[in-house]
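For reference, the chains in residue letters:
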Amino acid sequence: MVNSRTHTSRWLLPVLLTVQFLVSLDMSVVNVALPDIGRGLGFDAESLTWVVNAYALTFGGLLMLGGRLADVIGRRRILVAGFVVFGLASMAGGLARAPGQLIAARAVQGAGAAALAPVALALITVNYPAGTARSRALGLWGASGAAGGAVGVLAGGLLTDWAGWRSVMLVNVPVVVAVLAVVRSAVPADQRLAVSSRPRLDAVGALLVTAGTSLLVLGLVRTQTYGWTDWRTTGVLGAAAVLLALFAATEKRVRQPLLRLGLLAQGPVLAANVFALLMSAGQFAAFYFTSLYMQQVLDYGPTAAGSAFLPFCVGVVAGSVIAARTVGRVGSGTLLPAGGLLGAAGIAWFAAAVAVDGGFLLSILGPSVVASVGIGMCFVPLGTAATTGVAPEESGMASGLLNSSRQVGGAIGLGVLVTVAAGAGGEGTQGLVDGFSAAYWVAAGLLAVAAVAAGLLYRKGTPPAETRPGGQAAEETSRKSVEPVDPGVSRSTQG
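Analysis parameters
- Residues numbered from 1 in each chain as written.
- Predicted model: local features only at pLDDT ≥ 70, side-chain atom pairs only at ≥ 80, totals over all residues.
- Heavy atoms only, no water.
- 1 Å grid on protein atoms, 1.4 Å probe; cavity = no way out; pocket = protein on both sides within 12 Å on 5 of 7 lines; lining within 4 Å.
- Points joined across faces, edges and corners; volume = space filled by probe spheres on them.
- Helix = DSSP H or I, 4+ residues; strand = E, 2+ residues; numbered from the N terminus.
- Polar contact = N/O pair within 3.5 Å; in protein donor to acceptor, adjacent residues only side chain to side chain.
- Salt bridge = Lys/Arg side-chain N within 4 Å of Asp/Glu carboxyl O.
- Buried < 20%, exposed > 50% of the residue type's maximum accessible area, 1.4 Å probe, protein only.
- Axes fitted to C-alpha atoms, helices over the stretch in contact; angles between N-to-C directions.
- Parallel < 35°, antiparallel > 145°, perpendicular 65-115°, else oblique.
- Left-handed = near helix turned anticlockwise from the far one by under 90°.
- Contact = heavy atoms within 4.5 Å.
- Nonpolar A, V, L, I, M, F, W, Y, C, P; charged D, E, K, R; others polar.
- Core = buried A, V, L, I, M, F, W, Y, C linked by side-chain atoms within 4.5 Å.

Draft legend 1. Seen up close, the layout of surface pockets. For the largest pocket, the calculated volume is near 1500 Å³. What lines the largest pocket is a set of 46 residues, among which Met27, Asn31, Val52, Tyr288 and Leu414 lie closest to the centre. Among the secondary structure elements, those contributing two or more residues to the lining of the largest pocket are α1 (12-28), α2 (34-41), α4 (50-73), α7 (132-163), α10 (203-226), α12 (267-297) and α17 (395-424). The element contributing the most residues to the lining of the largest pocket is α12, with nine residues.

Draft legend 2. The arrangement of the side chain of Ser167 in detail. Along the polypeptide, Ser167 turns up in helix α8 (residues 166-170). Polar side-chain contacts of Ser167 include one of 3.3 Å to the backbone oxygen of Leu159.

Draft legend 3. The pattern of salt bridges, seen in detail. Counted according to the given criterion, the structure contains six salt bridges. Between Arg39 and Asp36 there is a salt bridge, and its shortest N-O distance comes to 3.3 Å. Taken together, the positions of Arg39 and Asp36, both in helix α2 and three residues apart, correspond to about one turn of that helix. Ionic pairing is found between Glu394 and Arg260, a salt bridge with its closest N-O pair at 3.1 Å. With Glu394 in the loop between α16 (360-386) and α17 and Arg260 in the loop between α11 (231-251) and α12, the pair connects residues that are 134 residues apart, well separated along the chain. Considered together, Glu394 and Arg260 belong to a single accessibility category, that of buried residues.

Draft legend 4. Looking closely at the packing of α4 against α10. Running from amino to carboxyl end, α4 crosses α10 at an angle of 150°, the nearest separation of the two axes being 8 Å. As the angle between them shows, α4 and α10 are arranged roughly antiparallel. The element α4 and its partner α10 pack so that their crossing is right-handed. Contacts between α4 and α10 involve Trp50, Asn53, Ala56, Leu57, Gly60, Gly61, Leu62, Met64 and Leu65 from the first element and Ala206, Val209, Thr210, Thr213, Ser214, Val217, Leu218 and Val221 from the second. Classifying every residue of the contact of α4 with α10 gives eleven nonpolar, six polar and no charged.

Draft legend 5. Layout of the nonpolar core. Ile37, Leu79, Phe83, Leu102, Phe289 and Tyr440 are the most contacted members of the largest nonpolar core, which totals 113 residues. If you tally residues by element for this core, the top one is α12, at 13 residues. Beyond its immediate chain neighbours, meaning those up to four positions away, Leu79 contacts Val15, Val19, Leu116, Val119, Leu123, Val183 and Val187. Judged by nonpolar contacts, the second largest core, of 14 residues, contains Ala206, Leu208, Val209 and Phe247.

Everything listed here is a matter of geometry and, on its own, says nothing about what the molecule does.
So, in structure tokens, the structure goes:
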């Protein structure tokens, strides 16, 4: 394991930040271009949503597998493979001539992103020593993700207006080529391990969790079309629950599981994943409704709406800087709830300020700054907590778990809050505003619950007698291979 800056290329962090930026960018960049895509390729209204859903489905479904493949095959190998798949799929999408071709390209693009996202966090964990170096890297990692999502809205509008919708896909290609040119010198080579010590892929677990998570995301995104009570929704969600239950049962029996369930017995890891799930449920939905509010109520054009998200990017960076400078003194167990509560306050401001005659300063800028600073404060402690007490050979596993929690949380939040907005809204513009306000209040509540849950769960310890499959004590492995990563975690809690 590399634990010093002197052994880390100066290009490593830019490469990892590019990963996080691209993955988040492509979750939002096509949204503004959807009308042009529909007209250009002849999509009908229902199939057009799959330009977004195909990416979300494969991305969310394959994150756990992508993270574990990095542990088994090698982080640099998976990083390169992810970039190649992502770049080729972006090119195919930009050159698509039929709806099915674009949907397939977006699905493959999501698969490439599922390989990239968990590797980025895992490489930060194993290549930057605990303390200032890792806090700075995690802060920039979180800010890059938030910036990618916000910039995606602006870039989608600008590119569509100036160069056509195909440029929204093709813009990724030169970025991927540039990154691949420096990956070999920037990212440490994968270590050669003896055959007896190489981790193995849990194929059955991989199949179950990929199918289960994919069906879960599919069921959630379909709630916007069919509602929660339609058999096409309940059947898919029921099948997902069965597959994920089988996955959990399988992981208890195999020697080298895809997900060692004992990770969730560690307070910081459990707190990070519960927090990520609930925060994403509120944050993603709030982002979605803010975009609708600006375009459907305030009559902002695509470019103006995208530009209005830029203060959110600045606030996230500011919050990340605050967290990086203070986490060493106060600990993740304090900083995570504090950031969550501040984010909840900002989204509550959205709920109170949204109005038919709202203005930019009070209805958009003010709440954006408060919410974004709070959310930005969460990324450093979130990444730290999610990998506390995790052995290097399980860093991809922990990273895949965190990314899955965020993605599934976002899908759950969007599905639930779209239903809330529809139920609370009414006819006309005022009806839209009433629905948006109700959804914002629920989103704020989700962040507040996330903050409280993180505070309660963070210091939950790992049972000393916990044993890994195969008889190796997790506590012993943690002592030998993992240094403490957070001053707010006791020795026993690190497991």
